[in-house]
Each structure stands twice: as structure tokens, then as C-alpha cells.
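Fold and contact review
The primary structure of each chain is shown beneath.
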Amino acid sequence: HRLLLKKFKPQRVRKPKYYALTIDPCVNYSEIDIDVIMKFIVDNVDDDGIEINYSVEQKKANNQNHIHCYVKSGKKKKIVELATLGFSGVSYKEAEIFDLEGWKNYITKDGSQIKTIKNER
């Protein structure tokens, strides 16, 4: 009967872990250009399960577009490198997400839609 004890131990259910990423390009890009560059990032990360959910928002100060994302990937450094390459210079901020629904509400506060790009090979 001791052999069956392992079958009854509680198992931890792991939810997909997202982190927040805000990308602020140094140059003003149109929303179509941003979509192409985000697709470039997903295609070149080399992570089969990558998922980037993003919205494009205009800054109040200078009306330039910037991007708010929530990302599921283990390759944070590679994503930032590709964003710097694709946008030819960015400032960015990444943080842990404690309240995913609150973050979704924040990035859609101006009525912008959340776009999802996945790389499932």
C-alpha cells in the first residue's frame, strides 16, 4: 500500500505565468508598422510556446504610439533584443503581473483592442 501513497499527494497546478512589458519606441511608428515588428519578434525568438498580447496606445505628451504587452515566454532578454533591433531603439519596462485582469483593463483604457500573436510550431 505504500507504493500508492505518491498517487494521493496533492499536485500543484501551475497557471501560465505572464509578465508585463511596455515598449516605448524612440521614433513614431504607425499601428501597421508596430504589428509587423511584433510579428517579427515572435517569429525570431525561438520559443515554441511564446504568446504576446499587446495593445497600441498614443502617449498624451507627444501623441506617439507605444505598446503595452503581457507576455508568456521564458526568453525575456531575447524579446528585448529583438524589440531594440525591430524598433531601432526603444525604452522599455518589464514587471511581474499580480493582477492580470487589472493590467488588461489598464492597457485597453483608451478603447484600444488587445492583439494576440502566438508561435505554436
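This write-up is about the structure you can find in this document. (Residues numbered from 1 in each chain as written. Predicted model: local features only at pLDDT ≥ 70, side-chain atom pairs only at ≥ 80, totals over all residues. Heavy atoms only, no water.)

**Here we look at the sheet that holds strand β5 (residues 115–118)**
One open sheet holds the five strands; their spatial order is β4-β1-β3-β2-β5, and the pairing between them is antiparallel. Each edge of the open sheet carries a strand with a single partner, namely β4 (90–96) and β5. In this sheet, adjacent strand axes meet at a mean angle of 20° when their direction is disregarded. With five bridges joining them, strand β1 (residues 19–25) and strand β3 (residues 65–72) adopt antiparallel strand pairing. Bridged to Thr22 within β3 is His68. Across the sheet, helix α3 (residues 100–107) touches β1, β2 (51–58) and β3, and the angle it forms with β3 is around 160°. (Pairing = 2+ DSSP bridges. Helix = DSSP H or I, 4+ residues; strand = E, 2+ residues; numbered from the N terminus. Axes fitted to C-alpha atoms, helices over the stretch in contact; angles between N-to-C directions. Contact = heavy atoms within 4.5 Å.)

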